[in-house]
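Fold and contact review
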Amino acid sequence: MMEFSLSELIKQNTPGNSEGFPAGVPSSYNWYHGWNDGGLWSPPEDFTAVEGWGQVYPKVGAPSYSNPSATVEVANAKTYVRMKQAGEWTLVQDQSGTQLTGGHFVPDFAGNVAIPMKATPLAGATIAFDVPPAGYNNHFWYKARGTYAADTVDAVYVQMEMRVTDPNLSLVAMVGADWWRDARAPYLEDHSNNPGVGGSNWIELSTQWKTIGFYSMSAEDFRANPAPPLRDLVRETPPARPSTPTRSGENFIPNEPGGPASTSREQKHATANGTVKSPLTEEIWLQPINSGSRAMLSYPITAVQALSNDCLLAFALTMGALAKVRWSNLQSRKRIDRA
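Residues numbered from 1 in each chain as written. Predicted model: local features only at pLDDT ≥ 70, side-chain atom pairs only at ≥ 80, totals over all residues. Heavy atoms only, no water.

Focus: the overall build of the protein chain
- The number of helices and strands found in the protein chain is three helices and 15 strands.
- Out of the 339 residues belonging to the protein chain, those deemed buried represent 58%.
- For the protein chain, long-range pairs separated by at least 24 residues make up 78% of all intrachain contacts whose partners lie at least 6 apart in sequence. (Helix = DSSP H or I, 4+ residues; strand = E, 2+ residues; numbered from the N terminus. Buried < 20%, exposed > 50% of the residue type's maximum accessible area, 1.4 Å probe, protein only. Contact = heavy atoms within 4.5 Å.)

Quick notes on the pattern of salt bridges
- Inspection of every chain in the model, using the stated rule, returns six salt bridges.
- The shortest N-O distance in the salt bridge between D46 and R181 comes to 3.1 Å. Highlighted residues: D46 in the loop between α1 (6-12) and β1 (49-58) and R181 in the loop between β11 (171-180) and β12 (196-199), separated in sequence by 135 residues.
- Since its relative accessible area comes to 46%, D46 is described here as partly exposed.
- The exposure class assigned to R181 is partly exposed, which follows from its relative accessible area of 26%.
- Of the charged contacts in the structure, one is a salt bridge between D154 and R82, with a shortest N-O distance of 2.9 Å. Of this pair, D154 sits in strand β10 (residues 153-164) while R82 sits in strand β2 (residues 71-83), placing them 72 residues apart in sequence.
- Overall, the relative accessible area of 15% leaves R82 in the buried class. (Salt bridge = Lys/Arg side-chain N within 4 Å of Asp/Glu carboxyl O.)

Here we look at the nonpolar core
- Grouped together as the largest cluster of nonpolar side chains are 36 residues, with contacts concentrated most on V74, M162 and W179.
- Examining the composition of this core, we find that six residues originate from one element, β10, more than from any other.
- Counting 13 residues, the second largest nonpolar core, distinct from the first, contains V25, W31, A114 and M174. (Core = buried A, V, L, I, M, F, W, Y, C linked by side-chain atoms within 4.5 Å.)

With respect to the packing of aromatic side chains
- Under the counting rule described, the total for this entry stands at 13 aromatic pairs.
- With centroids separated by 5.5 Å and ring planes inclined at 85 degrees, the aromatic side chains of Y57 and W202 adopt a geometry described as edge-to-face. Of this pair, Y57 sits in strand β1 while W202 sits in the loop between β12 and β13 (203-204), and the two are 145 residues apart along the sequence. Of the two residues examined, Y57 and W202, each falls in the buried class.
- With a centroid separation of 5.5 Å and 45 degrees between ring planes, the pair formed by F105 and F109 is classed as tilted. Considered together, F105 and F109 belong to a single accessibility category, that of buried residues.
- Clustering of aromatic rings is evident, with ring pairs tying together Y29, W31, Y57, F105, F109 and W202.
- If you follow R145 out to its NZ or CZ, it ends over the ring of W180, 3.6 Å from the centre. (Phe/Tyr/Trp six-rings, centres within 6.5 Å; stacked < 30°, edge-to-face > 60°. Lys NZ or Arg CZ within 6 Å of the ring centre and 35° of its normal.)

Below you can see the structure in the form of structure tokens.
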């Protein structure tokens, strides 16, 4: 993978440095321009979970182009939280232990409309998603939230590596995070369980690996205490990997190729984990599942909460409503946003 410098990361988190803009997103949305400071950089004192996420869009002004066999590859995704007393960074989400999932959503998340997104696990901590089809984006997140003890964290850092397999594609990507009340808290329309943190600038993807990161603090503070892998002295403690194919309190339902995606107004949970399907091909279809948060409905509807994990829900909501108000004040978007 490519080398990543602290100066490059800070550039990605400084206003005005986006390498393009997301097609289909209203320019009035604050995240249309990339990095913004309207989110909740530190979690509420009683919160104990976080969700890192990424999204990919066609670039504004790029000529129309389609390649059904092309993919967007995402690798080595990690989420860290900073322990406020010791100032140490702790790894709470790691793609090598908890794979990513997601869905294709309409650009502005209006109506929470989404369709299934095919995902193919590759060697190592890497996954390949189909490129965004016309009129949709790629939105993805971890299948399980990262957790920490209440009132111990004051910042988050998310990093992912991405590339496309076709040099003719013109796509831009962003990474970011949302806080969650806990690992199982349900989505609430007032966003009290999932205030948004923020996102990076938009980075144009190519066939070469690019690292994209987001941190919730000032550039000065981050430069003084950078998160891994930007600083060798930071202690990394990978989250415990599940000993079985499913996580406690969650039953993953195998995908049904060709079946419609289903959704519930309250949850967006990615449910395709390949337990019955071939481990090399995983298509994200919304399935009725039983989780610690709530159960998804099994009937098809137009507002698809595709593969959403409690985070996607938050993200969509957060991103949609988040458009003209601060991430922490999102009021009207229940985007099936990220699972």
